[in-house]
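The chain contents come next:
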Amino acid sequence: MDVGVIFLLLGLLWVLQLALAYQQARRFMKRSQALRRQGRVAIGASRRQVRGRAYVVVAVGPDDRVVAAEALRGVTVFANAKPVPALVGLPAAELAAGADVPDLPPRVLAAAHSAAAAIHPRVREGVGSSG
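What counts, and where the lines are drawn
- Residues numbered from 1 in each chain as written.
- Predicted model: local features only at pLDDT ≥ 70, side-chain atom pairs only at ≥ 80, totals over all residues.
- Heavy atoms only, no water.
- Helix = DSSP H or I, 4+ residues; strand = E, 2+ residues; numbered from the N terminus.
- Rg over C-alpha atoms; globule rule 2.2 N^0.38 Å.
- Expected span 1.5 Å × (residues − 1).
- Buried < 20%, exposed > 50% of the residue type's maximum accessible area, 1.4 Å probe, protein only.
- 1 Å grid on protein atoms, 1.4 Å probe; cavity = no way out; pocket = protein on both sides within 12 Å on 5 of 7 lines; lining within 4 Å.
- Points joined across faces, edges and corners; volume = space filled by probe spheres on them.
- Contact = heavy atoms within 4.5 Å.
- Pairing = 2+ DSSP bridges.
- Axes fitted to C-alpha atoms, helices over the stretch in contact; angles between N-to-C directions.

*Asks:* Teacher, can you tell me more about the overall build of the protein chain here?
*Replies:* Along the backbone of the protein chain there are four helices and four strands. Of the regular secondary structure in the protein chain, the N- to C-terminal order runs α-β-β-β-β-α-α-α. Taking 131 residues into account, the globule formula puts the C-alpha radius of gyration at 14 Å, and the protein chain, at 18 Å, lies well above it. If you line up the protein chain on its principal axes, its C-alpha atoms span 65 × 35 × 25 Å.

Here is the structure:
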C-alpha cells in the first residue's frame, strides 16, 4: 500500500471522528437545553483520564435541589447521556461542597461536583479552608 494512500485514509478517519464527536456534542447540548425547562442548569466535567472523561448536566429547581441529572461518559463518540437518578433530590449546595453519593462512579461524581460548583461557586471556594 502506498504511503500517500495510508495518509489519505488516516485523514478521512480523522474527519469522520471529528464529525461523530460534533454530533455527540450536539446531542448532549440538546439534552441539556431540554433540562433548562426544569430549572437552572450547569454542566461539569471530571478530570481527563486514559479511560475518558465524564460530563454531567444538573438541573436545579427553585428549592435548590437537583431535579434532574444526566451523565455522558465513555471513550467513544458513540456514548450517550444517561439519567443519574442518584443525584435527584440532593441539595445543590451540598453537592457543590463535595457530598459523597454512594454507588456513583468516581468520574461521574467529580463531574457532578463540578456542575454544582458552577451554580454555587462560593461553597466550593470554602471547601478545605480553615476559617
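*Asks:* What is the right way to look at helix α1 (residues 3-35) in this model?
*Replies:* Between its first and last C-alpha, α1 extends 48 Å over 33 residues, near the 48 Å set by a 1.5 Å rise per residue. Of all the residues in α1, the buried ones are Q24, F28, S32, A34 and L35.

*Asks:* So what exactly am I meant to see when it comes to the layout of surface pockets here?
*Replies:* To locate leftover empty space, one rolls a probe as large as a water molecule over the atoms. Put simply, the largest pocket is a space of about 390 Å³. In terms of lining residues, the largest pocket is bounded by 18 residues, among which Q24, R53, Y55, L72 and G74 are the most central. Those elements giving two or more residues to the lining of the largest pocket turn out to be α1, β2 (53-60) and β3 (66-74). No other element matches α1, which puts six residues into the lining of the largest pocket.

*Asks:* Looking at this structure, how should I read unusual backbone geometry?
*Replies:* Glycine aside, residues mostly have negative phi, and peptide bonds are mostly found in the trans state. Positive phi outside glycine occurs at D64, with the angle close to 65°. Along the chain, D64 falls in the loop between β2 and β3.

*Asks:* Looking at this model, I keep getting lost on the side chain of R107. Mind explaining?
*Replies:* Relative to the helices and strands, R107 is located in helix α3 (residues 106-119). Ignoring sequence-local partners within four residues, the contact set of R107 consists of S46, Q49, R51, G52, R53, A54 and R73.

*Asks:* So what exactly am I meant to see when it comes to the sheet that holds strand β1 (residues 40-45) here?
*Replies:* Picture the strands of a sheet paired through backbone hydrogen bonds; they go either parallel or antiparallel. Within the open sheet, the four strands sit side by side as β1-β2-β3-β4. Their pairing is antiparallel. Strand pairing shows two members of the sheet lacking a second neighbour, β1 and β4 (82-83), which therefore form its edges. Across the sheet, α1 is in contact with β1, β2 and β3; its angle to β2 comes to roughly 20°. The strands that α3 touches are β1, β2 and β3; relative to β2, the one it contacts most, it runs at about 45°.

*Asks:* So what exactly am I meant to see when it comes to α3 here?
*Replies:* In an α-helix, one full turn covers 3.6 residues, which means residues spaced three or four apart are oriented alike. Taking 1.5 Å per residue, 14 residues should reach 20 Å; α3 reaches 20 Å between its end C-alpha atoms and fits that length. The buried fraction of α3 amounts to 10 of the 14 residues, a majority that puts the element mostly inside the structure. Among all positions of α3, only R107, V108, L109, A111, A112, H113, A115, A116, A117 and I119 are buried.

*Asks:* Looking at this structure, how should I read the environment of R47?
*Replies:* Of note, R47 is situated in the loop between β1 and β2. It is 18 Å that separates the C-alpha atoms of R47 and V101, two residues lying 54 residues apart in sequence. With sequence-adjacent residues up to four places away left out, R47 is seen in contact with G52 and R53.

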